[in-house]
Amino acid sequence: MFDSEIRELTIRVRAAFDRAGIPHPEEIHWAPTPFQGSWGIGTAACFQAAAFEARQAGGGNVPARAREIAELLVRQLDPPTGFQKIVSANAYINAYFDTATYAARVVDEAIEQGAEFGRGQPKGERVMVEYAQPNTHHSFHIGHARNVALGESLARLVEFAGFETIRAAYPGDIGLTVMTAVWGYRKFHYGQEPEGIHERGQWLAKIYTEAHALVHQNLEETPEKRARREESDAERREMYRRWDSGDPQVRELWRITRQWSLDEFEAILRILGARIDVFFFESEVDEDAKRIVEELISTGVAEDERPEGPVIVKIDEKLGLDKERYRTAVLLRSDGTTLYPAKDLALAKRKFQEFDVDRSIYVVDVRQSLHFQQVFKILELWGFPQASKCFHLPYGFVTLPAGAMSSRLGNVVLFMDVYNEARRRVEQIISEKNPELTGDRRTEVARQIGLGALIYALISVDNTKDIVFDWDAALSFDGQSAPYIQNAHVRANSILKKATALPATGSFDYALSPLEAELIDRISRFPEIVARAAAEYKPLHMSTYAFELAKAFHAFYHAVPVLQAESSAIREARVRLTAAAKQVLANSLNLLGIAAPAVM
């Protein structure tokens, strides 16, 4: 935002180092100073210079020497244009901006750049974010929604930060669990097909639950039930064998029922605002996985213990580690069938070679943490340099107060049920708070707020923690929630509508109130938060920032007169500040995958 001024300041600091005869770091980095009534940036270059001198001399008091250097340099430094003063503070060199100039620059850039405000420069790296991996032949539940919400927000953040970004999905569309649903359909429901995309998907999930119960033992099993169960289990396994051998009838039945799941899945992705660029399917990588395992055996990475045992990689041994860390990964069973690590290796190879991916981020639940540690280390042993830039973003489970979810037990909490309930509750709130909002407009606003509340509740908690979904907290207009943030955007919009026109300029050359200064400070930090959230793969940073920005705006809205300001010049400045806040609230919500309604 102040790139030219900071470049000039850096040149002057380097020149001061040179005049003092003190070697300076090659790169002088600046970071924002804590806001205490004025805005500034600071550098720890004096610490680095003092540490270098100590190494050259074989020792020395680094903190004391750093303070001495900072005081020496500051005496020689004149503030460049745009800065008020330069001071030394605890061995840091801090430069403080002219308050009016800083405030105007922040507000002007937020307004002028609009939806692009905060976007990073191109990074020259291609990132693939893999998320949205539900198994087919089930139905999309609230835990899947957390996966998609995290993945979509992360993809938006990484892309906005300047990385070329590819969104990828890897649905599990084969395996014995999938074939259980296909067998159940063929055995008991062949020829039936409910109307409606979501109805078909949910019906197929019920068939899976029904079939699963038939092939798994229970505590009260009689000899007759055991015989029927074993017969059913043999039938579904035979169907899986036929699929694996390419039986056209089984493959066609699998294809038709799989499409029912995919239709529902894609409809829900549209609801959530997620755009997937490429779909990988587990069924497509199975044969590649087998070939890759043979390659790993031939290069000595993997060990083949068949037919008595499986194909394995003793990762710790191959890495030369004395202590157990990554353990042993099993790639193939003794019968030659593939396991998940082998399939993920095949998928990674496709990502790297077909899509030229530099970084690969996997949004998968926390139970798979060891799995991905193993896969990334095998990729390293295999020779892929991208292995060091593979990252697993784990996330915890989502439950409603009624209890945990399990598709096998049939008590899964379906996303569509929660989504529809959120919309219903919001419509009720709107009818009480804003009865003038009616018809299609009320329906659309209820959708935006209900969905926003759901998404925010899923990503505003640290991804490693489990969530117990709380309706009251999610839909609160007063707490840390999407409706609270959206309401700040609506209030800003209301002020701007009453202002009728946005002033072309605004001068902040007056005594800013603490609430004005706080709001400007929050706006100024948006680009930094974007960069940090993308670098750390942490949508939580953006969700927290959006709440803090909304809180700052609500405080400003309630206490600082805008349209009734004491002078026309202050009114113009505050109207522009409101416009800047509205824009950054919208940008923040968009990066979370949440709409910014104009009314509510």
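Criteria and cut-off values
Residues numbered from 1 in each chain as written. Predicted model: local features only at pLDDT ≥ 70, side-chain atom pairs only at ≥ 80, totals over all residues. Heavy atoms only, no water. Helix = DSSP H or I, 4+ residues; strand = E, 2+ residues; numbered from the N terminus. Buried < 20%, exposed > 50% of the residue type's maximum accessible area, 1.4 Å probe, protein only. Contact = heavy atoms within 4.5 Å. 1 Å grid on protein atoms, 1.4 Å probe; cavity = no way out; pocket = protein on both sides within 12 Å on 5 of 7 lines; lining within 4 Å. Points joined across faces, edges and corners; volume = space filled by probe spheres on them. Nonpolar A, V, L, I, M, F, W, Y, C, P; charged D, E, K, R; others polar. Pairing = 2+ DSSP bridges. Core = buried A, V, L, I, M, F, W, Y, C linked by side-chain atoms within 4.5 Å. Salt bridge = Lys/Arg side-chain N within 4 Å of Asp/Glu carboxyl O. Axes fitted to C-alpha atoms, helices over the stretch in contact; angles between N-to-C directions. Polar contact = N/O pair within 3.5 Å; in protein donor to acceptor, adjacent residues only side chain to side chain. Phe/Tyr/Trp six-rings, centres within 6.5 Å; stacked < 30°, edge-to-face > 60°. Lys NZ or Arg CZ within 6 Å of the ring centre and 35° of its normal.

Structural notes on the overall build of the protein
Turning to step 1, where the next piece is worked out: Check the secondary structure of the protein and you find 21 helices and 14 strands.
Turning to step 2, where the next piece is worked out: Dimensions of the protein along its principal axes, counting C-alpha atoms only, are 90 × 75 × 40 Å.
Turning to step 3, where the next piece is worked out: For the protein, the residues scored as buried account for 52% of the 600 residues in total.
Turning to step 4, where the next piece is worked out: Considering only contacts within the protein whose residues lie at least 6 apart along the sequence, 72% involve residues at least 24 apart.

A look at the environment of Ala342
Turning to step 1, where the next piece is worked out: Tracing the chain through its elements places Ala342 in helix α12 (residues 340-354).
Turning to step 2, where the next piece is worked out: Using a relative accessible area of 1% as the deciding quantity, one classes Ala342 as buried.
Turning to step 3, where the next piece is worked out: Considering only alpha carbons, one finds Ala342 and Ala329, 13 residues apart in sequence, at a separation of 9.3 Å.
Turning to step 4, where the next piece is worked out: Non-local contacts of Ala342, meaning those with residues more than four positions away in its chain, are made with Ala289, Val293 and Leu331.

Observations regarding the layout of surface pockets
Turning to step 1, where the next piece is worked out: The calculated volume of the second largest pocket comes to roughly 960 Å³.
Turning to step 2, where the next piece is worked out: Around the second largest pocket, the lining comprises 30 residues; the ones closest to its centre are Met1, Phe2, Asp3, Pro527 and Glu528.
Turning to step 3, where the next piece is worked out: Among the secondary structure elements, those contributing two or more residues to the lining of the second largest pocket are α1 (3-20), β1 (31-32), β2 (40-43), α4 (99-113), α18 (514-524) and α19 (526-535).
Turning to step 4, where the next piece is worked out: Broken down by element, the lining of the second largest pocket gets its largest block of residues, four residues, from α19.
Turning to step 5, where the next piece is worked out: Tallied by class, the residues present in the lining of the second largest pocket amount to 15 nonpolar, seven polar and eight charged.

A closer look at the pairing of strand β4 (residues 92-97)
Within a regular strand, the side chains alternate between the two sheet faces.
Turning to step 1, where the next piece is worked out: With five of its six residues buried, β4 lies for the most part within the structure.
Turning to step 2, where the next piece is worked out: Alignment of β2 against β4, held across four bridges, turns out to be antiparallel. From the neighbouring strand, Ile41 faces β4, where its bridge partner is Ala95.
Turning to step 3, where the next piece is worked out: By the bridge criterion, six bridges tie strand β3 (residues 83-89) to β4 in an arrangement that is antiparallel. By the bridge assignment for β4, Phe83 is matched with Phe97.
Turning to step 4, where the next piece is worked out: Linking β3 to β4, which pair antiparallel, is a turn of two residues; within it Asn90 sits at a positive phi near 55°.

Details of the nonpolar core
Turning to step 1, where the next piece is worked out: By size, the foremost hydrophobic cluster in this structure holds 139 residues, and its most contacted members are Ile93, Phe415, Phe508 and Ile523.
Turning to step 2, where the next piece is worked out: The element contributing the most residues to this core is helix α15 (residues 439-459), with 11 residues.
Turning to step 3, where the next piece is worked out: Ignoring sequence-local partners within four residues, the contact set of Ile523 consists of Val106, Ala110, Phe117, Tyr545, Leu549, Leu577, Ala580, Ala581 and Val584.
Turning to step 4, where the next piece is worked out: In this structure, Val293, Ile315, Leu331 and Phe372 belong to the second largest nonpolar core, which totals 38 residues.

Comments concerning the pattern of salt bridges
Turning to step 1, where the next piece is worked out: Counted according to the given criterion, the structure contains 49 salt bridges.
Turning to step 2, where the next piece is worked out: Overlapping salt bridges bring together Glu152, Arg156, Glu159 and Arg167 as one network.

Let's talk about the sheet that holds strand β5 (residues 126-130)
Turning to step 1, where the next piece is worked out: Strands sit in the order β7-β6-β5-β11-β12 across an open sheet of five strands; the sheet is parallel. Every other strand in the sheet has two partners, leaving β7 (278-279) and β12 (390-393) as the edge strands with one partner each.
Turning to step 2, where the next piece is worked out: Alignment of β5 against strand β11 (residues 359-363), held across four bridges, turns out to be parallel. Following the sheet pairing, Val127 is matched in β11 by Arg359.
Turning to step 3, where the next piece is worked out: Against the sheet, α12 makes contact with β5, β11 and β12, and its axis sits at roughly 140° relative to β11, the strand it touches most.

Here's the deal with the environment of Arg425
Turning to step 1, where the next piece is worked out: Within the fold, Arg425 resides in helix α14 (residues 415-433).
Turning to step 2, where the next piece is worked out: Side chain to side chain, Arg425 and Glu421 meet in a polar contact 2.8 Å long.

Re the side chain of Asp521
Turning to step 1, where the next piece is worked out: Its location among the elements puts Asp521 in helix α18.
Turning to step 2, where the next piece is worked out: Since its relative accessible area comes to 6%, Asp521 is described here as buried.
Turning to step 3, where the next piece is worked out: Side-chain polar atoms of Asp521 contact the side chain of Arg525, separated by 3.2 Å.
Turning to step 4, where the next piece is worked out: If sequence neighbours within four positions are ignored, Asp521 has contacts with Phe35 and Trp39.

Section: the pairing of β2
Turning to step 1, where the next piece is worked out: Residues of β2 alternate between two faces, with Gly40 and Gly42 on one and Ile41 and Thr43 on the opposite face, all of them buried.
Turning to step 2, where the next piece is worked out: Here two bridges tie β1 to β2, and the two strands are oriented antiparallel to one another. Note that in β2 the partner of Ala31 across the bridge is Gly42.

Some remarks on unusual backbone geometry
Turning to step 1, where the next piece is worked out: For the bond running from Arg306 to Pro307, omega is 5°, close enough to zero to count as cis.
Turning to step 2, where the next piece is worked out: One non-glycine residue with positive phi stands out, namely Ala91, at about 80°.
Turning to step 3, where the next piece is worked out: Position of Ala91 relative to the elements: it lies in the loop between β3 and β4.
Turning to step 4, where the next piece is worked out: The exposure class assigned to Ala91 is buried, which follows from its relative accessible area of 3%.
Turning to step 5, where the next piece is worked out: In this structure, Arg327 is a non-glycine residue whose phi angle is positive, near 65°.
Turning to step 6, where the next piece is worked out: Inspection of the secondary structure assignment puts Arg327 in the loop between α11 (315-319) and β10 (328-332).

Observations regarding the packing of aromatic side chains
Turning to step 1, where the next piece is worked out: Counting across every chain of the model gives 34 aromatic pairs.
Turning to step 2, where the next piece is worked out: A ring pair is formed by Phe280 and Phe355, whose centres lie 5.8 Å apart and whose planes are at 85°; its orientation type is edge-to-face. With a gap of 75 residues between them, Phe280 in the loop between β7 and α10 (282-298) and Phe355 in the loop between α12 and β11 connect regions that are remote in the sequence.
Turning to step 3, where the next piece is worked out: Among the residues examined, Phe280 registers a relative accessible area of 0% and is labelled buried.
Turning to step 4, where the next piece is worked out: Site record: aromatic cluster; members linked through ring pairs are Phe2, Phe35, Trp39, Phe83, Phe97 and Tyr102.
Turning to step 5, where the next piece is worked out: One cation-aromatic arrangement involves Arg105 over Phe2; the distance from NZ or CZ to the ring centre is 4.3 Å.
Turning to step 6, where the next piece is worked out: Seen from the ring of Tyr362, Lys351 lies directly overhead, with NZ or CZ sitting 3.8 Å from the centre.

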